[in-house]
Amino acid sequence: MEKETWKTSITQIKKGEIRVRGYDITELMEKLTFSQVVFLILKGELPNPKESKMMEAILVSSIDHGATPPSSLAARTVISGGNPLNASVAGGVLTIGDSHGGAIEQCARIFQEMVKKGGKLSRSAAELINDYSSRKKRIPGYGHRLHETDPRTVELFKLAGKLGFSGRHIDLAKEIEKKLEESSGRKLPLNVDGAIAAVISDMGFDWRMGKGFFIISRVPGLVAHAYEELTREKPMRRLGNTDFEYDGPGPKGIN
Ligand SMILES: CC(C)(COP(=O)(O)OP(=O)(O)OC[C@H]1O[C@@H](n2cnc3c(N)ncnc32)[C@H](O)[C@@H]1OP(=O)(O)O)[C@@H](O)C(=O)NCCC(=O)NCCS
């Protein structure tokens, strides 16, 4: 009977030799940047200069957004409880979901499925908005608590245009943004998750890799937050007495 093996086409290791997607790690270390090697390991091929620049911008765009998002709060809280850095960063990564960072995945899925289906982009955008609003659902990749226009979206799209990545997915993303504002009467900007979703779709990445881009980008930020919390704050951080309010039942007794 043939022996069952665990197959992988990512990295080959032998004594004294490591090859990622066929390339010697020492040559990659000497000649490429981190984001170029991220592209290589995810896509299986070396990026051209335009893909390198776009990848670099994507990974820089989400490196941090202050101490308020769920991931930095979680990372800081976990380390503050007396846990190690790896637990703190893992805690931060675990918060990445449909509302925070993870919107890239579902948003890229929508863009890719709609573009694949074909047809007029304006009609696809209108259908999507009707569908989500009739189900009272939020469209992933749109809206931001702080930014009326997300500066990272503007920069990513500017670069994508300059580098020749502006394709049907980015066009669809813009069309949805326009129609969403018309139909809701409020500004729901394409946020950085939505912009990354559109750009990676025009670069040919599968939507199922979507969350990975945010995780790869945000982990350095989480390490910085964990370290700052550890070295600058007292252990066991908690909300001050004025920052929370009890609204449960009053005192009760058991007879
Ligand atoms: C990011 C987000 C949490 C910010 O929310 P917020 O600014 O606090 O907005 P609110 O929760 O106050 O919602 C305000 C209104 O806009 C609507 N809205 C917000 N985002 C929406 C979206 N993506 N699609 C449709 N409607 C949306 C809400 O339903 C709400 O409508 P209502 O007043 O009729 O109930 C929200 O826009 C969202 O969930 N977006 C989708 C997930 C996403 O892209 N996350 C990545 C963030 S970088």
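Residues numbered from 1 in each chain as written. Predicted model: local features only at pLDDT ≥ 70, side-chain atom pairs only at ≥ 80, totals over all residues. Heavy atoms only, no water.

Scanning the protein chain from N- to C-terminus turns up eleven helices and three strands. In sequence order, the protein chain lays out its α and β elements as β-β-β-α-α-α-α-α-α-α-α-α-α-α. Counting over 255 residues, the protein chain shows a buried share of 40%. Of the contacts made within the protein chain by residues no fewer than 6 positions apart, 72% connect residues no fewer than 24 positions apart. Within the protein chain, one finds 38 positive and 32 negative side-chain charges whose respective centroids are separated by 2 Å. (Helix = DSSP H or I, 4+ residues; strand = E, 2+ residues; numbered from the N terminus. Buried < 20%, exposed > 50% of the residue type's maximum accessible area, 1.4 Å probe, protein only. Contact = heavy atoms within 4.5 Å. Lys, Arg positive; Asp, Glu negative; His and termini not counted. Charge placed at Lys NZ, Arg CZ, Asp CG, Glu CD.)

Here we take up the site of the ligand. What surrounds the ligand is a group of 15 residues, the closest being R138, I139, G141, Y142 and R145. Measuring from a nitrogen atom of the ligand, one finds a backbone N or O atom of S99 at 3.0 Å. Taking G141, its main chain carries an N or O atom lying 2.8 Å from an oxygen atom of the ligand. Compared with its free state, where it exposes 880 Å², the ligand has 65% of that area covered by protein. In terms of residue class, the shell around the ligand is made up of five nonpolar, five polar and five charged. (Near = heavy atom within 4 Å. Polar contact = N/O pair within 3.5 Å; in protein donor to acceptor, adjacent residues only side chain to side chain. Areas by Shrake-Rupley, 256 points an atom, 1.4 Å probe, with all protein chains shown as cover. Nonpolar A, V, L, I, M, F, W, Y, C, P; charged D, E, K, R; others polar.)

This part covers helix α4 (residues 70–80). Within α4 the residues assigned to the buried category are S71, S72, A74, A75, R76, I79 and S80. Of the surrounding elements, those touching the buried residues of α4 are α5 (85–94) and α11 (210–232). Taken from the residues just after α4, G82 is the one with a positive phi, measuring 95°.

All right, on to the domain arrangement of the protein chain then. Each assigned domain of the protein chain is listed here: domain 1 (13–47) and domain 2 (48–237). One C-alpha centre belongs to domain 1, the other to domain 2; they are set 26 Å apart. Counting residues at the interface gives ten residues for domain 1 and 13 residues for domain 2. Summing both sides of the interface, domain 1 and domain 2 together bury roughly 960 Å²; the carbon and sulfur share of this comes to 70%. On the domain 1 side of the contact with domain 2, S35, F39 and L42 bury the most area, a combined 51% of that side's loss. Inspection of the domain 1/domain 2 interface yields zero salt bridges. (Domains from an automatic or database assignment. Buried area = accessible area lost by both parts, 1.4 Å probe. Salt bridge = Lys/Arg side-chain N within 4 Å of Asp/Glu carboxyl O.)

Quick look at the sheet that holds strand β1 (residues 11–14) now. Spatially, the three strands line up as an open sheet ordered β1-β2-β3, and their pairing is antiparallel. Looking at which strands have only one partner, the edges of the open sheet turn out to be β1 and β3 (23–24). (Pairing = 2+ DSSP bridges.)

By size, the foremost hydrophobic cluster in this structure holds 46 residues, and its most contacted members are M54, F111 and I176. Counting residues per element, the ones that place at least two in this core are α2 (34–43), α3 (49–61), α6 (103–117), α7 (121–134), α8 (151–163), α9 (168–184), α10 (192–202) and α11. Setting aside residues up to four positions removed in sequence, I176 forms contacts with F111, A125, L128, I129, I139 and Y142. (Core = buried A, V, L, I, M, F, W, Y, C linked by side-chain atoms within 4.5 Å.)

Bringing the packing of α3 against α11 into the picture now. For the pair α3 and α11, interaxial distance at closest approach is 7 Å and the crossing angle is 65°. Here α11 runs roughly perpendicular to α3, going by the angle between their axes. From α3, M55, I58, L59 and V60 reach across to α11, where they touch F213, I216 and S217. Of the residues that constitute the contact of α3 with α11, the class distribution is six nonpolar, one polar and no charged. (Axes fitted to C-alpha atoms, helices over the stretch in contact; angles between N-to-C directions. Parallel < 35°, antiparallel > 145°, perpendicular 65-115°, else oblique.)

Time to look at the pairing of strand β2 (residues 17–20). Summarising the sheet, β1 and β2 pair through four bridges and their orientation is antiparallel. Within the sheet, the bridge partner assigned to K14 lies in β2 and is E17. Relative to β3, β2 runs antiparallel, the two being bridged by two bridges. Note on β3: the bridge partner recorded for V20 is Y23.

Once that is clear, we can look at the layout of surface pockets. Roughly 1,300 Å³ of internal volume is contained in the largest pocket. As for the largest pocket, its lining consists of 38 residues, of which S99, R138, Y142, G143 and N191 are closest to the centre. Looking at the lining of the largest pocket, the elements with two or more residues in it are α6, α7, α9, α10 and α11. Considering every element that reaches the lining of the largest pocket, the biggest residue donor is α7, with three residues. Among the residues making up the lining of the largest pocket, the classes are represented as 14 nonpolar, 13 polar and eleven charged. In terms of lining residues, the second largest pocket is bounded by Q106, R109, I110, E113, M114, E127, L128, D131, Y132 and P140. Among the elements of the structure, α6 and α7 are those that each provide at least two residues to the lining of the second largest pocket. It is α6 that contributes the most residues to the lining of the second largest pocket, five residues altogether. Of the residues in the lining of the second largest pocket, the class split is five nonpolar, one polar and four charged. (1 Å grid on protein atoms, 1.4 Å probe; cavity = no way out; pocket = protein on both sides within 12 Å on 5 of 7 lines; lining within 4 Å. Points joined across faces, edges and corners; volume = space filled by probe spheres on them.)

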